[in-house]
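# Working through the structure, step by step
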Amino acid sequence: MAKKIDVFDLLPQEAIEKIDDMGYEFLKENGYNVDGAKDSPAKQKEIKANLKKDGKSLIYFSMIDKETKAILFWFELCKGKKTLATSKGIKFLPREEEENGQGKSEERPKGT
């Protein structure tokens, strides 16, 4: 069986880091201590355990605009099937191709 392609497979590392930052900021806004979590697997496990203890989950969503090929990400904090909070979104625009086949240097995250 072929590996299913995840939208993260389409993004550069810089974009993935911006999504991580957005997720940690969203958790912080919702009362979770995320200090040092980006670089600490132990802290990440602690946050996950705290979410589980609270009966909550952090879910990411993504959409790809078929016309522009822009990718939109956002997070939702849920308890069961109920959405408690929704984060701001972040949109990534694809590189535009120039005549020589080289992409313009425009693949930068744009907050929405």
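Structure: above.
Residues numbered from 1 in each chain as written. Predicted model: local features only at pLDDT ≥ 70, side-chain atom pairs only at ≥ 80, totals over all residues. Heavy atoms only, no water.

### Concerning helix α1 (residues 13–29)
For α1, spanning 17 residues, the distance from its first C-alpha to its last is 24 Å, which sits close to the expected 24 Å at 1.5 Å a residue. Among the residues making up α1, those that are buried are A15, I16, I19, M22, G23, Y24, F26 and L27. For α1, the secondary structure elements touched by its buried residues are α2 (41–53), β1 (56–64), β2 (71–79), β3 (82–86) and β4 (90–92). (Helix = DSSP H or I, 4+ residues; strand = E, 2+ residues; numbered from the N terminus. Expected span 1.5 Å × (residues − 1). Buried < 20%, exposed > 50% of the residue type's maximum accessible area, 1.4 Å probe, protein only. Contact = heavy atoms within 4.5 Å.)

### Notes on unusual backbone geometry
At K69, a position not held by glycine, the phi torsion is positive, near 65°. Examined against the element boundaries, K69 turns out to sit in the loop between β1 and β2. Judged by its relative accessible area of 52%, K69 is exposed.

### A few points about the pairing of β2
The element β2 is extensively covered by neighbouring structure, given that seven of its nine residues are classed as buried. As paired elements, β1 and β2 share nine bridges and run antiparallel to each other. When the bridges of β2 are listed, L58 appears paired with L77. Connecting β1 to the next strand, β2, in antiparallel fashion are six residues, including K69 with a positive phi near 65°. Examined bridge by bridge, β2 and β4 share three bridges and lie antiparallel to one another. (Pairing = 2+ DSSP bridges.)

### Digging into the nonpolar core
Ranked by internal contacts, the top residues of the largest apolar core, which has 21 residues, are L11 and F73. Of all the elements in the fold, those that place two or more residues in this core are α1, α2, β2 and β4. With seven residues, the single largest contributor to this core is α1. When neighbours within four sequence positions are excluded, L11 is seen to be in contact with I16, I19, I71, F73 and F92. (Core = buried A, V, L, I, M, F, W, Y, C linked by side-chain atoms within 4.5 Å.)

### Side note on α2
For α2, with 13 residues, the first-to-last C-alpha span of 18 Å sits near the 18 Å given by 1.5 Å per residue. Among the residues of α2, K43, I47 and L51 are the ones counted as buried. The buried side chains of α2 occupy one side of the element, clustering within an arc of 85° when seen end-on. Opposite its buried face, α2 presents the exposed residues P41, A42, K45, K48, K52 and K53, each directed more than 90 degrees away. Contacts from the buried residues of α2 go to α1, β1 and β2. The first or second residue beyond α2 is G55, which carries a positive phi of 75°. (Arc of directions from axis to C-beta.)

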